[in-house]
Amino acid sequence: MSSGLAAAPEVELPGLTLERRRAKRKAAWRRRRLVLLLMSPWIVGFSVFFGYPLVTSAYLSFTHYDLLSSPRWIGLSNYRYLLGTDQQIWPAVYNTLWMIVVAVPLQVAFAIGIALMVARARRGVGIFRTIFYLPALAPPVAATLGFVYILNPANGPVNILLKHLGIDGPLWFQSPGWAKPSLVLLGLWGVGNIMIIFLAAVLDVPEHLHESAQLDGAGPLRRFRAVTLPSISPVILFAVVIGVIQGLQYFTQAYVAANIASGQASQSADITSNLGYPEQSTLFYPVLLYQNGFRNFEMGYASSMAMLLLVVALAVTVVILVNSRRWVHYRGTAS
């Protein structure tokens, strides 16, 4: 008889249901407080070193501020001068774009080439890896000083060697046409960081894919294009994004090289008087930003330049990431 009767539904008392809800809310709040506690060092660091300076720079970009007096609100005047009047902006933009368009692809290609050679080495892999990575450990200022000395047109080792070969060496950092290529050579010399990442990606390519392609008659170049490149395409995307962002912020090497080279040419002790030497060929956007903010004391105008640089960097990064869907292949997902 009892088996044929439907089981009576459980009836929860209102007080018990309310107590369970309160207990769940308390447990959820405890989890949130624990997460906030664990994230608090990052939150404090982000707020102090990024959030507050970003908000302050955004405000100062609409003011006239010379570091000595209080900021004075001037609206969009800084941006109007930046985009329409300042004659130094366009050489700086051109030099920055040149560095991105030329240096970034060369650095990526050079890093991939070195990674492939090291990956194919059968002996001394650790030695080769260390040799190619060591330049990345050199401080940027020290590396730039070394390159300015090596490429000194008067008594540098490179030009002396070229002279023995019957070749007239260029003026390198003292020539408007060779200053940026010299900086590119400096960047290629210090490509060890990206090379190590590419080396790990190349070694991670499944060997059976190479074997299958080889059985199908694919040569080394075809295997590289059809197997290796798609497999390491996520790392290529990473290297391109990082390279573009670093190119937009290119400052230290250009600043040091321009000042030291100008000192060699004029024998002047004032290393802050020749930004962009020679003939504004090394006047990059961050160098001009530094000049306006910390030499001309136009911090409001420099802040507007910084905000424009931030917007451009975000826009370029988004464009690269959106277009990467066409050529980046992730393992385990459909192409």
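First, a word on what this report is: a plain description of the structure on this page. Values in this document were obtained by computation on a predicted structure and should not be read as measured data.

1. Quick look at the environment of His64
Topologically, His64 is positioned in strand E1 (residues 63-64). Between the C-alpha atoms of His64 and Val102, which are 38 residues apart in sequence, the distance is 36 Å.

2. Concerning the side chain of Lys180
By the element assignment, Lys180 lies in helix H7 (residues 179-189). Of the side chains with opposite charge, Glu279 comes closest to the buried, unpaired Lys180, at an N-O distance of 9.8 Å. A distance of 3.2 Å separates polar atoms of two side chains, one belonging to Lys180 and the other to Asn95. Discounting residues that sit within four places of it in the chain, Lys180 has contacts with Tyr94, Asn95, Trp98, Met99, Ser281 and Phe284.

3. Overview of the packing of helix H3 (residues 89-120) against helix H8 (residues 192-203)
Any two packed helices are characterised by the angle at which their axes cross and by the distance between the axes. Running from amino to carboxyl end, H3 crosses H8 at an angle of 50 degrees, the nearest separation of the two axes being 8 Å. With respect to H8, the axis of H3 lies oblique. Every pair of crossing elements has a handedness; the one defined by H3 and H8 is right-handed. Along its contact with H3, which presents Val108, Ala111, Ile112, Ile114, Ala115, Leu116, Val118 and Ala119, the element H8 presents Ile194, Met195, Phe198, Leu199, Val202 and Leu203.

4. Quick word on H3
Between its first and last C-alpha atoms H3 spans 46 Å; for 32 residues at 1.5 Å apiece the expected length is 46 Å, and the two agree. The largest bend in H3 comes to about 25 degrees, at Ala103, with the proline Pro105 one to four residues further on.

5. Some details on the environment of Arg80
Tracing the sequence through the fold places Arg80 in helix H2 (residues 77-84). Expressed as a C-alpha distance, the spacing of Arg80 and Ile242, which sit 162 residues apart in the sequence, is 30 Å.

6. Looking at the layout of surface pockets
A volume near 730 Å³ is recorded for the largest pocket. Forming the walls of the largest pocket are 30 residues, and the residues nearest its centre are Gln107, Gly187, Gly190, Gln246 and Gln253. Examining the composition of the lining of the largest pocket, we find that 6 residues originate from one element, H3, more than from any other. Here the lining of the largest pocket is composed, by residue class, of 20 nonpolar, 10 polar and no charged.

How each quantity is defined
- Residues numbered from 1 in each chain as written.
- Predicted model: local features only at pLDDT ≥ 70, side-chain atom pairs only at ≥ 80, totals over all residues.
- Heavy atoms only, no water.
- Helix = DSSP H or I, 4+ residues; strand = E, 2+ residues; numbered from the N terminus.
- Buried < 20%, exposed > 50% of the residue type's maximum accessible area, 1.4 Å probe, protein only.
- Lys, Arg positive; Asp, Glu negative; His and termini not counted.
- Salt bridge = Lys/Arg side-chain N within 4 Å of Asp/Glu carboxyl O.
- Polar contact = N/O pair within 3.5 Å; in protein donor to acceptor, adjacent residues only side chain to side chain.
- Contact = heavy atoms within 4.5 Å.
- Axes fitted to C-alpha atoms, helices over the stretch in contact; angles between N-to-C directions.
- Parallel < 35°, antiparallel > 145°, perpendicular 65-115°, else oblique.
- Left-handed = near helix turned anticlockwise from the far one by under 90°.
- Expected span 1.5 Å × (residues − 1).
- Bend = angle between axes of the 7 residues up to and from the residue.
- 1 Å grid on protein atoms, 1.4 Å probe; cavity = no way out; pocket = protein on both sides within 12 Å on 5 of 7 lines; lining within 4 Å.
- Points joined across faces, edges and corners; volume = space filled by probe spheres on them.
- Nonpolar A, V, L, I, M, F, W, Y, C, P; charged D, E, K, R; others polar.

Read these as spatial facts, not as claims about activity.
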